[in-house]
Amino acid sequence: MNEKKVLFTIFGGTGDLAQRKLYPSLFRLYRKGDLVESFAVIGTARRPWSDETYRNIIKETIASLDPTEEEADAFASHFYYQSHDVQDTEHYDTLKKLADELDEKYDLEGNRLFYLAMSPNFFGTIVSHLKSQGMLDSKGYHRVIIEKPFGTDYETASQLNEEITQVFQEEEIYRIDHYLGKEMVQNISAIRFANSIFESLWSNRYIDNIQINIAEDLGVEERGGYYDQSGALKDMVQNHILQVLSLLAMEPPVAFSDKEIRAEKIKALEAVRVYTAEEVAKNFVRAQYGPGSMEGQDYTAYKEELNVDPNSSTETFVAGKFIIDNFRWSGVPFYVRTGKRLTEKGTRINIVFKQVPVNVFKDSVGGSCEQKQLSPNVLTIYIQPTEGFSLSLNGKEVGQGFNMLPIRLEHRNSAEIIENTPEAYEKLMLDSLNGDGTNFTHWKEVAQSWHIVDVIRQTWDQDPSELPQYSARSMGPKEAYELLEKDGFEWIWAPDEWYRKRDLLS
Ligand code: BG6
């Protein structure tokens, strides 16, 4: 047991993220003994809740984890609610008073972790008040966890960063990208750096292309208001996709420490080509979901979703090709694809190896000789919903002759392991309590990601042509297939084919 002593102050304490992710994660840490007696949580938001109402909500949010009544009561007793207007200086004085009292009561040694889980417009205001009103005067550590989006382009991100770094040092800032807390995203480094067979093949000598897919079957649900302003490029590519890409592309770090890993990720992102407008037009595709039907169920178009502008030209799908201009990756396209209302929810990476230099296997057809078809070797990393990896090889079919047969070596984590795997937020909360920034994004990563994405956004904003549509529950528009076809490749993951063959998708 390694008890952490800390006061959490959660801005946005009544919000969806806090209720769905943060409180259950804190409870799991409590159960595991990372949080025991010496911790307290102040939830703040505008609503005028009492501690009692807040604690009842906390108990509801952890109900699915089946706590006993005593356990739930004991856990919830550490939670305090403070109605708060983030712009009102006096409110921070009240907050400080409560923080000091709780510090004393729970013996927290002045350690304070601030979680900004609310509209990013207020991040700057909040941190400057934390400083000016003395919330950071306690003797322990002070750290801030910041939810995405970190800015809406490089300019706004940079301004926000400026405001935050006037109060917190870079090593005290934990910018969340919850994909970095996922088990199999963390496993990318294990697969690469603990297996000589992979790392020695990990370059343009042996790899043809890399495909990163983050597909979602859901539409925008209740988040139309936010999403319509953001779109898939900013919602998924700027952060999750580029983070995964940097882990795949980075050089081996000299040590597995946050400083070394981040340094390599930054270098990898800096090598990603920042496109010209012409290159964007050639290498990136956007689209929006129209209506569709799958297995007899009808789905409405994006434009008809709640809080979405009926004339919206926001993209719900992006496919693109990134080029990395360094010795290791020159000539290897990194294809990415993400979208809402696709066939299945699935995050998976395909590393497609080059074909053998000479195919010696031939078929005699009539009098002539034709080469047998060989499938490429593909290493697939399954991130979710299944977790694991597989390697597809070519083998010989049993029996007479010499027919080729694709074979797959596969490891999938069992349902039980997946069930017991700590949730991304749980891991990230614990990392921040341990002062470990490995799985958080450094400012330089955020900045470079915006540079890469901003030109794509600007090019699209200046393009008056009609946005391509794709049928809900398909895998995107035809342009996304053409993107690879023109390079002589194809998407390895095609979950829609199964449904199409059975006439279940239209
Ligand atoms: C969030 C996006 O960052 O990631 C959402 O804002 C998206 O639009 C979500 O649905 C996907 O996360 P996960 O963990 O469900 O793959």
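First things first, this report covers the structure right here in the doc. (Residues numbered from 1 in each chain as written. Predicted model: local features only at pLDDT ≥ 70, side-chain atom pairs only at ≥ 80, totals over all residues. Heavy atoms only, no water.)

### Some details on the overall build of the protein
In terms of regular secondary structure, the protein is built from 16 helices and 19 strands. Taking 23 Å as the expected radius of gyration for a compact globule of 506 residues, we find that the protein reaches 25 Å, a close match to that expectation. Taken across its 506 residues, the protein has 54% of its residues classed as buried. Here the analysis covers contacts within the protein between residues at least 6 apart in sequence; of these, 77% occur between residues at least 24 apart. Summed over its atoms, the accessible surface of the protein is roughly 22900 Å², and 48% of this surface lies on carbon and sulfur atoms. For the protein, the distance from the average position of its 55 positive side-chain charges to the average position of its 80 negative side-chain charges is 4 Å. (Helix = DSSP H or I, 4+ residues; strand = E, 2+ residues; numbered from the N terminus. Rg over C-alpha atoms; globule rule 2.2 N^0.38 Å. Buried < 20%, exposed > 50% of the residue type's maximum accessible area, 1.4 Å probe, protein only. Contact = heavy atoms within 4.5 Å. Areas by Shrake-Rupley, 256 points an atom, 1.4 Å probe, with all protein chains shown as cover. Lys, Arg positive; Asp, Glu negative; His and termini not counted. Charge placed at Lys NZ, Arg CZ, Asp CG, Glu CD.)

### Some thoughts on unusual backbone geometry
For the bond running from lysine 148 to proline 149, omega is 0 degrees, close enough to zero to count as cis. Relative to the helices and strands, proline 149 is located in the loop between strand E5 (142-146) and helix H6 (154-165). The peptide bond linking glutamine 384 to proline 385 adopts the cis configuration, its omega dihedral lying at 0 degrees. Its place among the elements puts proline 385 in the loop between strand E16 (378-384) and strand E17 (388-396). Of note, the phi angle at arginine 341 is positive, near 55 degrees, even though the residue is not glycine.

### Comments concerning the sheet that holds strand E18 (residues 404-412)
With respect to topology, 9 strands assemble into an open sheet ordered E18-E17-E16-E13-E7-E12-E11-E8-E19, the strand pairing being mixed. Looking at which strands have only one partner, the edges of the open sheet turn out to be E18 and strand E19 (469-471). Sheet twist, expressed as the mean angle between neighbouring strand axes with direction ignored, is 20 degrees. Here helix H7 (residues 183-193) sits on the sheet in contact with strand E13 (346-353), E16 and E17, set at roughly 150 degrees to E16. Across the sheet, helix H14 (residues 443-461) is in contact with strand E8 (284-290) and strand E11 (317-322); its angle to E8 comes to roughly 65 degrees. (Pairing = 2+ DSSP bridges. Axes fitted to C-alpha atoms, helices over the stretch in contact; angles between N-to-C directions.)

### Some words on the side chain of asparagine 359
Mapped onto the fold, asparagine 359 is located in the loop between E13 and strand E14 (362-365). Its relative accessible area of 13% is what places asparagine 359 among the buried residues. At 3.0 Å, the side chain of asparagine 359 forms a polar contact with the backbone nitrogen of phenylalanine 361. Other than its neighbours up to four places away in sequence, asparagine 359 contacts Gln371, Lys372 and Leu374. (Polar contact = N/O pair within 3.5 Å; in protein donor to acceptor, adjacent residues only side chain to side chain.)

### So, the packing of aromatic side chains
What the rule picks out here adds up to 28 aromatic pairs. Taking 6.4 Å as the distance between ring centres and 40 degrees as the angle between the ring planes, the aromatic pair formed by tryptophan 49 and tyrosine 54 counts as tilted. Side by side, tryptophan 49 and tyrosine 54 carry an identical accessibility label, which is buried. Both rings, one in tyrosine 335 and one in phenylalanine 489, keep their centres 6.1 Å apart while their planes meet at 70 degrees; by these two values the pair is edge-to-face. Note that tyrosine 335 is positioned in strand E12 (residues 334-339) and phenylalanine 489 in the loop between helix H15 (478-485) and helix H16 (496-501), a separation of 154 residues in sequence. Looking at tyrosine 335, the relative accessible area reads 0%, which means it is buried. Put simply, the rings of Tyr23, Phe27, Tyr30, Phe39, Trp49, Tyr54, Phe75, Phe79 and Tyr81 touch in pairs and so form one group of aromatic residues. The ring centre of tyrosine 141 lies 3.5 Å from the NZ or CZ of arginine 143, which sits over that ring. Taking the ring centre of tyrosine 382 as reference, the NZ or CZ of arginine 412 above it sits at 3.7 Å. (Phe/Tyr/Trp six-rings, centres within 6.5 Å; stacked < 30°, edge-to-face > 60°. Lys NZ or Arg CZ within 6 Å of the ring centre and 35° of its normal.)

### Quick look at the site of the ligand
With respect to spatial proximity, the complete set of residues near the ligand consists of Lys148, His178, Tyr179, Lys182, Glu216, Arg223, Asp235, Met236, His240, Lys340, Lys345 and Gln384. The contact in question runs from an oxygen atom of the ligand to an N or O atom on the side chain of lysine 148, over 2.8 Å. Calculation on the ligand without its partners gives an accessible area of 390 Å², and the protein chains cover 82% of this total. For the shell around the ligand, the element with the highest residue contribution is helix H9 (residues 224-249), accounting for 3 residues. Taken together, the residues of the shell around the ligand break down into 2 nonpolar, 3 polar and 7 charged. (Near = heavy atom within 4 Å. Nonpolar A, V, L, I, M, F, W, Y, C, P; charged D, E, K, R; others polar.)

These figures come from the coordinates and say nothing about function on their own.
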